[in-house]
Protein chains: 2
Amino acid sequence: MKHFNTIAIVGVGLIGGSVGLAVRQRGLADCVVGIGRRQSSLRIARQAGAVTTTTIDLAKGVAEAELVIVCTPVGRIVEDVRTAAAHAPPGTLITDVGSTKAQIVAALDEGLPRNCRFLGGHPLAGGEKTGPSHARADLFDGRVVVLTPTKNTRAEDFDTLEKFWNSLGAVVVQMPPEEHDQALALTSHLPHAAAAVLVGMVPERLFRFSGAGLLDTTRIAAGDPALWTQIFMQNRANLAKALEGFIHRLTQLQTALLQANESLIQQILEVGKTNRDALGN
Amino acid sequence: MKHFNTIAIVGVGLIGGSVGLAVRQRGLADCVVGIGRRQSSLRIARQAGAVTTTTIDLAKGVAEAELVIVCTPVGRIVEDVRTAAAHAPPGTLITDVGSTKAQIVAALDEGLPRNCRFLGGHPLAGGEKTGPSHARADLFDGRVVVLTPTKNTRAEDFDTLEKFWNSLGAVVVQMPPEEHDQALALTSHLPHAAAAVLVGMVPERLFRFSGAGLLDTTRIAAGDPALWTQIFMQNRANLAKALEGFIHRLTQLQTALLQANESLIQQILEVGKTNRDALGN
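Sequence order as written defines the numbering, with residues in each chain counted from 1. Here chains are named by letter from A upward and ligands by number from 1 upward, in the order in which they appear as written. Where local features are concerned, this predicted model is filtered to residues with pLDDT of at least 70; where side-chain atom pairs are given and counted, the filter is 80 or more; whole-chain, interface and lining totals use all residues. Hydrogens and water are ignored here; the side-chain numbers use all heavy atoms of the structure.

So, the relation of the copies chain B and chain A
Here comes step 1: The least-squares superposition of copies is restricted to C-alpha atoms, and to residues with a pLDDT of at least 70 in both copies. The operation relating chain B to chain A is a screw motion whose rotation component is 180°, with 0.0 Å of axial translation and a residual RMSD of 0.0 Å. The two molecules are tied by a two-fold rotation axis, judged by turn and shift. For chain B, the residue whose C-alpha comes nearest the rotation axis is B:T217, separated from it by 1.9 Å.
Here comes step 2: Taken as a fraction of all interface residues of chain B, those also at the interface in chain A reach 100%, which identifies the copy contact as same-surface. Contacts between residues were defined by any pair of non-hydrogen atoms, one from each residue, lying within 4.5 Å.

A closer look at the sheet that holds strand 5 (residues 93–96) of chain A
Residue and element names in this part refer to chain A.
Here comes step 1: At least two DSSP bridges between two strands are required for those strands to pair. Per the convention used, a helix needs a DSSP run of H or I reaching at least four residues, while a strand needs a run of E reaching at least two, with both numbered from the N terminus. Strand order in this open sheet of 8 strands is 3-2-1-4-5-6-7-8, and the pairing throughout is mixed. Only two strands of the sheet have a single partner each, and these edge strands are strand 3 (53–55) and strand 8 (171–174). The sheet shows a mean angle of 25° between the axes of neighbouring strands, taken without regard to direction.
Here comes step 2: For strand 4 (residues 67–70) and strand 5, the ladder comprises 4 bridges, and the chain directions are parallel. Considered in strand 5, the bridge of L67 is made with L93. With axes taken as lines fitted to C-alpha atoms, and helix axes fitted only over the stretch in contact, angles between N-to-C directions fall between 0 and 180 degrees.

Some words on the side chain of B:Q234
All names here are of chain B.
Here comes step 1: Tracing the chain through its elements places Q234 in helix 9 (residues 225–234).
Here comes step 2: When a residue's accessible area, from a 1.4 Å probe over protein chains only, is under 20% of the maximum for its type it is buried; when over 50% it is exposed; and in between it is partly exposed. Using a relative accessible area of 16% as the deciding quantity, one classes Q234 as buried.
Here comes step 3: In protein, a polar contact means a hydrogen-donor-capable atom and an acceptor-capable atom, both N or O and within 3.5 Å, with residues adjacent in sequence counting only if both atoms are side-chain atoms; elsewhere, any N or O pair within 3.5 Å suffices. At 2.9 Å, the side chain of Q234 forms a polar contact with the side chain of T100.
Here comes step 4: Setting aside chain neighbours within four positions, we find Q234 in contact with V74, G75, T100, Q103 and I104.

Brief notes about the interface of chain B and chain A
Here comes step 1: The interface is formed by 82 residues belonging to chain B together with 82 residues belonging to chain A.
Here comes step 2: Once two parts are joined, some of their accessible surface, as seen by a 1.4 Å probe, is lost; buried area is that loss totalled over both. Interface area, chain B with chain A, both sides summed: about 7,800 Å², of which 74% is carbon and sulfur.
Here comes step 3: When residues of chain B are sorted by the area they lose upon contact with chain A, B:M201, B:F209 and B:R276 head the list and together hold 9% of the total.
Here comes step 4: In what follows, salt bridge is the name for a side-chain nitrogen of Lys or Arg lying within 4 Å of a carboxyl oxygen of Asp or Glu. For B:D216, the salt bridge is made with A:R219, and the minimal N-O distance between the two is 3.6 Å.
Here comes step 5: Remark: the boundary between chain B and chain A carries 20 residue pairs in polar contact (both at pLDDT 80 or more).
Here comes step 6: The element contributing the most residues to the side of chain B that touches chain A is helix 10 (residues 236–258) of chain B, with 16 residues.
Here comes step 7: Taken together, the residues that form the side of chain B that touches chain A break down as 50 nonpolar, 20 polar and 12 charged. Lys, Arg, Asp and Glu make up the charged group, whereas Ala, Val, Leu, Ile, Met, Phe, Trp, Tyr, Cys and Pro make up the nonpolar group; the residues left over, Gly among them, are polar.

Remarks on the nonpolar core
Across soluble globular proteins, nonpolar side chains show a tendency to be buried alongside one another.
Here comes step 1: Nine residue types can take part in a nonpolar core, namely buried Ala, Val, Leu, Ile, Met, Phe, Trp, Tyr and Cys, and a core is a set of them joined through side-chain atoms within 4.5 Å. Ranked by internal contacts, the top residues of the largest apolar core, which has 132 residues, are A:F209, A:F232, A:F246, B:F209, B:F232 and B:F246.
Here comes step 2: Not counting the four nearest positions on each side in its chain, A:F209 is found in contact with B:L124, B:V144, B:V146, B:V173, B:M175, B:A183, B:L184 and B:T187.

Looking at the pattern of salt bridges
Here comes step 1: A complete count under the given rule lists 20 salt bridges over all chains for this structure.
Here comes step 2: Where A:D80 meets A:R76, a salt bridge forms, and the shortest distance between an N and an O atom there is 3.2 Å. Here the residue A:D80 and the residue A:R76 both occupy positions in helix 4 (residues 74–87), the gap between them amounting to 4 residues, near one helical turn.
Here comes step 3: Of the residues examined, A:D80 reaches a relative accessible area of 6% and is grouped as buried.
Here comes step 4: For the salt bridge of B:D159 with B:K163, the shortest nitrogen-to-oxygen distance reads 2.9 Å.

Re the sheet that holds strand 2 (residues 29–35) of chain B
Residue and element names in this part refer to chain B.
Here comes step 1: In spatial order, the strands read 3-2-1-4-5-6-7-8; together these 8 strands make up an open sheet with mixed pairing. A single partner strand is all that each edge strand has here, and the edge strands are strand 3 (53–55) and strand 8 (171–174). For this sheet, the mean inter-axis angle between neighbouring strands, taken without regard to orientation, is 25°.
Here comes step 2: Taken together, the 4 bridges between strand 7 (residues 144–148) and strand 8 define a ladder with parallel strand orientation. Across the sheet, L147 pairs through a bridge with Q174, a residue of strand 8.

What about the packing of aromatic side chains?
All names here are of chain A.
Here comes step 1: To pair, rings of Phe, Tyr and Trp, with the six-membered ring standing in for Trp, must have centres within 6.5 Å; the planes then decide the type, stacked if under 30 degrees apart, edge-to-face if over 60, and tilted in the middle. Tallied over the full model, the rule gives 9 aromatic pairs over all chains.
Here comes step 2: Centre to centre, the rings of F140 and W165 are 5.2 Å apart; their planes meet at 70°, and the pair counts as edge-to-face. Of the two residues, F140 sits in the loop between strand 6 (117–123) and strand 7 (144–148) while W165 sits in helix 6 (residues 155–167), which places them 25 residues apart along the sequence.
Here comes step 3: Every member of this aromatic cluster is reached through a ring pair, and the members are F4, F140, F164 and W165.
Here comes step 4: Look at NZ for Lys and CZ for Arg. If either is within 6 Å of the ring centre and within 35 degrees of the ring normal, a charge sits over the ring. Lying over the aromatic face of F4, K2 brings its terminal NZ or CZ to 5.0 Å of the ring centre.

Shown next as structure tokens:
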């Protein structure tokens, strides 16, 4: 397991804070610098033991970093990586944890200053709760982390990040950025869209008739709308296509209902149950 | 609190078994007869203490009942209530726990044999786990139970059932059957439909890219397809209408994505968050 002198974490929310806690629990780095825009979040992260030092100055924070992990909202990642590359030691490896990859990787795959390299990443962890106070050292335990190398990626950089995430308990899967975004449109962004639209159409007078089904189905809609707007915008073509398929299938069910087509209704529900049982808890 | 000599529970699954456990824990009846079609379920219910005696003979099971609670799948409730009325003591009050009400109440509101009366009910409790082994005495604690009286309902019968459910910890809400079905189409049947269709369109090769969002959003799709087909069939006009509204709003979001209309995307997500936060956990 590689040991780092200094790891810089840009953005100490749920994911950044959890990376810090996991790194420190496992003793993977001597120094973990937490970089953020709000002193309040930095204080929580420091008090939780997720970072050893903090700063609101990105340039200063990355000055001695061997590895920079950018955990800011997807709309800010490109800019934060560029700034980090301009101030980190020459040749520093920079990665991210953004929920979209194609736009970010396309912008950062070449031409970073000072010989710095960017390799995109996305740990499939987290939920509707955000912020450093929900960070956990075991957040990545058994979870998938997607890394999105390109033809420009050095094998040694992929190797470094794969070992890093493995040492945090995660399983690394390699995918092209575009393929990642297509997959996540179905498994993450469409469920979020469905949840938000669904709960958005329930009038307040009916709230008391909600059971476990509605609550589970719409839980992720409590996530931060600003963060998710950025994710939707960055992956809008794939999400629009996923929505098209969803609408098509919902229309089939609607027609089956109007025609009292009991066997088709049951078939749709059977396919759902088969898949859901296979997904596990 | 009214004490019953004998309560008969027809169908000892999650709901019927939980009613039995709650009744016995509170000592509301001397005898709780569990009536079912499978000896295996009846045995589990008896061993759990949900019922005092069991039978697979509905006619015999209700012969001494003061109150009959029909907890069978919605497609069987009408027939089971009629059979119970034909064999229960004259004037027995019969209720149900079905997830749909309009068709059931219309069929049973008048003309039951032996002066028996039916008053429809629906406890908003339960989830994707079914069967007597998941039954809990506190399942109805703080939950809403809808009762659907009609112009033929006697005030004393409503009063009896309201007190009964209150003594099991539930809050009783009174609604016309049609209004119940319209409300539940939005708060229960549409979420189920969305969950089943959503998870049904995720190909197996993408299962490993599922996070907490997809899992939560589709959890209820693990429910019994046969049971839910009956619910959808009985409430198909209202559910088709709810689907129409859902499809309309999803199409708006799809258009917003294709047009890169960031403010409309954020607005849709904000409405979802506001409602979801108001719903609670």
